[in-house]
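Residues per chain are reported as follows:
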Amino acid sequence: RAHLPLDIGMYLAKVGYVFSSLGCGRAALIAAVGKTPTPTPQAFVKALADIPHRQYFQVSWYELAEFRRDRTLKTGFAKMSRAWFPLRLWSCQGSRGGPERWVAEDFPVPP
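Scoring rules and cut-offs
Residues numbered from 1 in each chain as written. Predicted model: local features only at pLDDT ≥ 70, side-chain atom pairs only at ≥ 80, totals over all residues. Heavy atoms only, no water. Phe/Tyr/Trp six-rings, centres within 6.5 Å; stacked < 30°, edge-to-face > 60°. Helix = DSSP H or I, 4+ residues; strand = E, 2+ residues; numbered from the N terminus. Buried < 20%, exposed > 50% of the residue type's maximum accessible area, 1.4 Å probe, protein only. Salt bridge = Lys/Arg side-chain N within 4 Å of Asp/Glu carboxyl O. 1 Å grid on protein atoms, 1.4 Å probe; cavity = no way out; pocket = protein on both sides within 12 Å on 5 of 7 lines; lining within 4 Å. Points joined across faces, edges and corners; volume = space filled by probe spheres on them. Nonpolar A, V, L, I, M, F, W, Y, C, P; charged D, E, K, R; others polar. Pairing = 2+ DSSP bridges. Polar contact = N/O pair within 3.5 Å; in protein donor to acceptor, adjacent residues only side chain to side chain. Contact = heavy atoms within 4.5 Å.

Peer 1: I would appreciate a short explanation of the packing of aromatic side chains in the present structure.
Peer 2: Tallied over the entire structure, the rule returns two aromatic pairs. Between Phe 19 and Phe 44, the ring centres sit 6.1 Å apart and the planes meet at 25°, which makes this aromatic pair stacked. Here Phe 19, found in helix H1 (residues 16–20), pairs with Phe 44, found in helix H2 (residues 41–49); they are 25 residues apart in sequence, far enough to count as distant. By relative accessible area, Phe 19 is classed as buried at 7%. Taking 6.4 Å as the distance between ring centres and 90° as the angle between the ring planes, the aromatic pair formed by Phe 19 and Phe 57 counts as edge-to-face. Here Phe 19, found in helix H1, pairs with Phe 57, found in strand S4 (residues 56–63); they are 38 residues apart in sequence, far enough to count as distant. Each member of the pair, Phe 19 as well as Phe 57, is classed as buried. Taken together, the ring pairs connect Phe 19, Phe 44 and Phe 57 into an aromatic cluster.

The structure is reproduced here in structure tokens:
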């Protein structure tokens, strides 16, 4: 429906504390953090790992909810907060035809 390549960015199902300051909505597709593209979860985690606590960083994203009317890549700044919760990525580990099982992976705060 959105007609974007599958490796364009990370799907942000819930905005959360850090990304709420961007002004992006639910169902955003994060295309880059700083100048680093984020096509995979590993690239996304790596891009966020070097950002210190309370530092502002640039984010580029697409609003998927409004993508039919507005296909522009949006850019804004978010403020990193590592004080409350670690970064958590969810992945679906269901087998074909079987029930879905969503598994969370927490990433520790970098030194």
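Peer 1: Explanation requested: the pattern of salt bridges in the structure shown.
Peer 2: Two side chains bearing opposite charge may form a pair once their charged atoms approach each other closely. In this structure the tally under the stated criterion is one salt bridge. In this structure, Asp 106 engages Arg 88 in a salt bridge whose closest nitrogen and oxygen atoms are separated by 2.7 Å. One end of the pair, Asp 106, is in strand S7 (residues 102–107); the other, Arg 88, is in strand S6 (residues 87–92), and 18 residues separate them in sequence.

Peer 1: What is the right way to look at the layout of surface pockets in this model?
Peer 2: Over the atoms a probe the size of a water molecule is rolled, and this reveals where empty space is left. Approximately 1200 Å³ is the volume attributed to the largest pocket. In this structure, the largest pocket is lined by 37 residues; those nearest its centre are Phe 44, Leu 87, Arg 88, Leu 89 and Trp 90. Among the elements of the structure, strand S1 (10–12), H1, H2, S6 and S7 are those that each provide at least two residues to the lining of the largest pocket. Of the residues that constitute the lining of the largest pocket, the class distribution is 27 nonpolar, five polar and five charged.

Peer 1: How should I be thinking about the pairing of strand S2 (residues 28–33) in this particular structure?
Peer 2: Looking along a regular strand, one sees the side chains alternate between the two faces of the sheet. S2 sits mainly inside the fold: six of its six residues count as buried. Sheet topology note: the S1/S2 ladder contains three bridges and is antiparallel. Its bridge partner being in S2, Leu 12 is matched across the sheet by Ala 28. As paired strands, S2 and S4 are joined by five bridges and run antiparallel to one another. The residue of S4 that forms the bridge with Ala 32 is Ser 60. The pairing of S2 with strand S3 (residues 36–37) spans two bridges and is antiparallel.

Peer 1: Looking at this model, I keep getting lost on the side chain of Thr 38. Mind explaining?
Peer 2: Along the chain, Thr 38 falls in the loop between S3 and H2. Within the structure, the side chain of Thr 38 is placed 2.9 Å from the backbone oxygen of Ile 30, a separation counted as a polar contact. If near-sequence neighbours (up to four positions away) are discounted, Thr 38 is found in contact with Ile 8, Gly 9, Met 10, Ile 30, Ala 31, Ala 32, Val 33, Ala 43, Phe 44 and Ala 47.

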